[in-house]
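Structural characterization, general
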Amino acid sequence: MKQTLNFSLMDKLREECPLVHNMTNYVTVNDCANALLAIGGSPIMSDDEAECADITGISRALVMNIGTLNQRTIASMIKSGKKANETGIPVVFDPVGAGASSLRNETTKDILSQVKIAIIRGNLSELSYIAGLSVSTKGVDVAEEDMNHDAVAVAKKVAKMYETVVAITGKDDVVTDGDTVFVLSNGVSLLSKVTGTGCMTSAMLGAFAAVACENKDYDYVDAAALAISSMSIAGEISFEKYGQTGTGSFHIGIIDALSNMTANILQEKCKINIVRE
Amino acid sequence: MKQTLNFSLMDKLREECPLVHNMTNYVTVNDCANALLAIGGSPIMSDDEAECADITGISRALVMNIGTLNQRTIASMIKSGKKANETGIPVVFDPVGAGASSLRNETTKDILSQVKIAIIRGNLSELSYIAGLSVSTKGVDVAEEDMNHDAVAVAKKVAKMYETVVAITGKDDVVTDGDTVFVLSNGVSLLSKVTGTGCMTSAMLGAFAAVACENKDYDYVDAAALAISSMSIAGEISFEKYGQTGTGSFHIGIIDALSNMTANILQEKCKINIVRE
Amino acid sequence: MKQTLNFSLMDKLREECPLVHNMTNYVTVNDCANALLAIGGSPIMSDDEAECADITGISRALVMNIGTLNQRTIASMIKSGKKANETGIPVVFDPVGAGASSLRNETTKDILSQVKIAIIRGNLSELSYIAGLSVSTKGVDVAEEDMNHDAVAVAKKVAKMYETVVAITGKDDVVTDGDTVFVLSNGVSLLSKVTGTGCMTSAMLGAFAAVACENKDYDYVDAAALAISSMSIAGEISFEKYGQTGTGSFHIGIIDALSNMTANILQEKCKINIVRE
């Protein structure tokens, strides 16, 4: 069982600046690109079926986010996902709003059955849906009725079902490969008042995963834990500066903090609990 | 005839945090989501025909904005609009650029004939087009030639034609249900140098309308007047702080001010004139 | 041969506020609109085949950017490009990622063969591809392998091939009509850590070109040089203020600086070298 979180992956990411192919929603795409740049990756966006596999082919990770799903891009996601599996790069899947509509539910199933996913990152409602629990997803936030699901149990179940790393973000965050469980406790509630903090986390996770994929010192649990911690700790840093100013400045302060993030800052501030059972 | 504007709707909105389904353009969608969050609503975006009615079905208001209209989403808008009418939630319609192209003109007519709209919000060129006046719409701003149209007359005409509340934003803003006319005089001209202040107003209007719909103390005139005042007054507050700094900071300051908006601030700063004829 | 850069075009742009039709990507579109507003233009976005020519028809320039190319908008770009050629307004083409996928390569060729372009603006990899050199485009940044291409030679070659003005942005920027060559040396490296600075430059170039098109005192070399200088110098100004704060604030500071840009500031700070051979 994994015993520690390897923070040096953060600095390694800045050295390597991996190209990350993002198939994401049009609401938060600009923030995803800027967060990726801030944390040390290089973003490229492409979702047309006629070119998406070409772009996946030159990238070091693929991030798929179904936040504004449409018929045109579903086929593209499957195509790029398969290409990523062929070339051996990690695929991050963010099932935004899974449980909220038939289209999202079916697409989630299609992607999970046709593409081998390295890391799934979502909220408790979304992962509960994937775990097969009855859910009350209301939009893109966790439904209150789903709050009492046990995040650790849900994450472990999905990790085993799909042999993948699962990250559930919320008040506390859970990251597991089905065996090791990390519980992370950073962050501020104001993060939920800026759109796209989850999407940005998934985008950055692509960059961390790209580096972990090619370095035996790191694994996808490290990648997920550091992407999540980067956002949570950036939120804490920005809150200290701008919490009283308003959510516009707080939003900008998050990007500022991400662009200054180092392994040292993460290690110093990260509140992590490794669950041993 | 309505005699007062009920400012407490602002605080009620923060208590309820209604989910608002936005079908909007890809230029300003991120700001729409962040403005909605800032004012106390919860945004969800969805425009694919295969899921849009599902999303409308879990929402408390629907906002339709034709800023970057395309064939794929026209059918979706009609479908979601009908679903909203079925479930009884308010529909806000922002006819961006109506008058500027045949597609926008025809879509505007289609939406108005097939969907019962609770509130139409636009500029004087757009509403003049809907009123059947000859217009010179040039893009998304009011054409100079249209400036001499009488905003109050245009608004009342459209309100009666479609039995709806009409809000025309401009130097002065007009809100009417065809009977009561509120004229609002807040705002700064720099608001026109940030893209999407109109779209954000419409998005927030969805949240105010959602709350008004289910509380007999409020109506859609209150909802429209408070959404518009929130943006205008946020503009004034931000201008005081950032007017000399530049439009980037002014933009962020608007979101900051929206996130701190209260019924008290609105009531204290709102310049309103109730027109009695 | 042209001997000077005519900075007064900057102030002329603020007087005229031309409407610029942008067909661009959904990653940076909001920044493109805000940069255009900041520099004194008026943006309109439209990409549906059923209306794009109408919108081009009321505009004073057309900017086409293939950053998130899709099948739906390729036909629209050709259609609007032809309309722009008919009405005699300048077309700016930003071949984002040309060389990175077959779709982008073919679309680039289609556009260049069917539409008369006034100005092509891109990076050295993209222009090298258009010049027919072998390239190693990796995403949207210049590939290291392409760095040793001679930017001046590439720019002049493409300018002659397509009888157009070519602008290659990079550490130094090159602008040429095939005869006069301007080399511009402003900017800071942090500009590459904010997504869309190239796209924003192209969008602003549309506004400068619109004004140059109708004023015999200016040409498209002036337009390209001033659009590029506006971004580079805004980057320098913002870096001085926010370089240590982070890329979020730096991004906002760029828009601030653009909104305060004048012919005097440009003239005072512009580092230009006119190459005579």
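Residues numbered from 1 in each chain as written. Chains lettered and ligands numbered in written order. Predicted model: local features only at pLDDT ≥ 70, side-chain atom pairs only at ≥ 80, totals over all residues. Heavy atoms only, no water.

Observations concerning the overall build of chain A
For clarity, the cut-off: Here a helix means four or more residues in a row that DSSP labels H or I, a strand means two or more in a row labelled E, and each is numbered from the N terminus. Note on method: radius of gyration uses C-alpha positions; expected globular size equals 2.2 Å times residues raised to 0.38. Burial here depends on accessible area, computed with a 1.4 Å probe over protein chains only, as a share of the maximum for the residue type. Under 20% is buried, over 50% is exposed, and the range in between is partly exposed. We call two residues in contact whenever any of their non-hydrogen atoms come within 4.5 Å of each other. Methods summary: accessible areas were calculated by the Shrake-Rupley approach with a probe of 1.4 Å, and residue burial reflects only the protein chains presented.
Helix and strand content of chain A: 11 helices and nine strands. For a compact globule of 277 residues, the expected C-alpha radius of gyration is about 19 Å, and chain A comes in at 17 Å, within 12% of that figure. By principal-axis analysis of the C-alpha atoms, chain A measures approximately 45 × 40 × 40 Å. When each of the 277 residues of chain A is scored for burial, the buried share is 67%. Of the contacts made within chain A by residues no fewer than 6 positions apart, 72% connect residues no fewer than 24 positions apart. Element-wise, carbon and sulfur atoms account for 47% of the exposed surface of chain A, whose accessible area totals about 9200 Å².

Quick notes on the relation of the copies chain A and chain C
Here is the rule: In superposing the copies, a least-squares fit is computed on C-alpha atoms, taking residues whose pLDDT is at least 70 in both.
For the pair chain A and chain C, the best superposition has an RMSD of 0.0 Å and corresponds to a rotation of 120 degrees with a translation of 0.0 Å parallel to the axis. Both copies of the chain, as the preceding transformation shows, are related through a three-fold rotation axis. Nearest to the rotation axis, the C-alpha of Tyr 26 of chain A is located 3.7 Å from it, this being the minimum over chain A. The share of interface residues of chain A whose copies in chain C are also at the interface is only 7%, consistent with the copies meeting through different surfaces.

A few points about the environment of Asn 260 of chain C
By the element assignment, Asn 260 of chain C lies in the loop between α10 (247-259) and α11 (263-269). Owing to a relative accessible area of 37%, Asn 260 of chain C belongs among the partly exposed residues under this scheme. Separated by 222 residues in the primary sequence, Asn 260 of chain C and Ala 38 of chain C have C-alpha atoms spaced 7.7 Å apart. Setting aside chain neighbours within four positions, we find Asn 260 of chain C in contact with Gln 244, Thr 245 and Gly 246 of chain B together with Arg 14 and Ile 265 of chain C.

Points about the sheet that holds strand β8 (residues 181-184) of chain B
Residue and element names in this part refer to chain B. Put simply, the rule reads: When DSSP finds two or more bridges between two strands, those strands count as paired. All axes are obtained by fitting lines to C-alpha atoms, using only the stretch in contact for helices, and the reported angles, taken between N-to-C directions, cover 0 to 180 degrees.
Pairing is mixed across the open sheet formed by nine strands, whose spatial order is β2-β1-β3-β4-β5-β6-β7-β8-β9. Two strands in the sheet have a free side with no partner beyond their single neighbour: β2 (42-45) and β9 (272-275). Here the strands of the sheet are splayed against their neighbours by 20 degrees on average, with no regard to which way each runs. As defined by bridge partners, strand β4 (residues 91-94) adjoins strand β5 (residues 119-122) across two bridges and the pair is classed as parallel. Paired with Val 92 across the bridge in β5 is Ile 119. The strands touched by helix α2 (residues 29-39) are β1 (19-23) and β2; relative to β2, the strand with the most contacts, the crossing angle is about 155 degrees.

Brief notes about the interface of chain C and chain B
Note the cut-off: Once two parts are brought into contact, the accessible area they lose, counted with a 1.4 Å probe and summed over both, makes up the buried area. Salt bridges are defined as contacts in which a side-chain nitrogen from Lys or Arg sits within 4 Å of a carboxyl oxygen from Asp or Glu.
On the chain B side, the residues contacting the 30 residues of chain C number 31 residues. A buried area of about 2300 Å², summed over both sides, lies between chain C and chain B, and 53% of it is on carbon and sulfur atoms. Contact with chain B buries area across many residues of chain C, yet Asn 30, Leu 37 and Glu 51 of chain C alone supply 20% of it, more than any other trio. Counting every contact that joins chain C to chain B gives one salt bridge.

Observations concerning the interface of chain A and chain C
Listed as interface residues are 30 residues of chain A and, on the opposing side, 31 residues of chain C. Regarding the contact of chain A and chain C, the summed buried area is about 2300 Å², with carbon and sulfur atoms giving 53% of it. If you sort the residues of chain A by the area they bury against chain C, Asn 30, Leu 37 and Glu 51 of chain A come out on top, with a joint share of 21%. Linking chain A with chain C are one salt bridge. Note that Glu 51 of chain A and Arg 104 of chain C form a salt bridge whose closest N and O atoms lie 2.8 Å from each other.

A word on the nonpolar core
Let me state the cut-off plainly: Residues belong to one nonpolar core when they are buried, are Ala, Val, Leu, Ile, Met, Phe, Trp, Tyr or Cys, and are joined through side-chain atoms within 4.5 Å.
Counting 186 residues, the largest nonpolar core has Phe 208 of chain A together with Phe 208 of chain C as its most contacted members. Residue contacts for Phe 208 of chain C: discarding those within four places in its chain leaves Leu 9, Met 10, Leu 13, Ile 39, Ala 223, Leu 226, Ala 227 and Ser 230 of chain C.

Examining helix α4 (residues 71-87) of chain C
Residues and elements named next belong to chain C. Test applied: Multiplying 1.5 Å by the residue count of a helix minus one yields the expected span of that helix. As used in this structure description, the phrase polar contact means that two N or O atoms lie within 3.5 Å; if the pair is within protein, one of them must be able to donate a hydrogen and the other to accept it, and residues adjacent in sequence are counted only when both atoms belong to side chains.
Taking 1.5 Å of rise per residue, the 17 residues of α4 would be expected to cover 24 Å, and the 25 Å separating its terminal C-alpha atoms lies within 8% of that figure. Of the positions making up α4, those classed as buried are Thr 73, Ile 74, Ser 76, Met 77, Ile 78, Ser 80, Gly 81 and Ala 84. Measuring from the backbone nitrogen of Arg 72 back to the side-chain oxygen at the start of α4 gives 3.0 Å, which picks out Asn 70 as the cap. One or two residues past the end of α4 sits Gly 88, with phi positive at roughly 80 degrees.

Considerations on the pattern of salt bridges
Residues and elements named next belong to chain B. According to the stated counting rule, one finds 30 salt bridges over all chains in the structure shown. Residue Asp 47 is joined to Arg 72 by a salt bridge in which the shortest nitrogen-to-oxygen separation is 3.3 Å. Placement of Asp 47 in the loop between β2 and α3 (52-58) and of Arg 72 in helix α4 (residues 71-87) is noted, with a sequence separation of 25 residues between them.

Distances and angles like these do not, on their own, reveal function.
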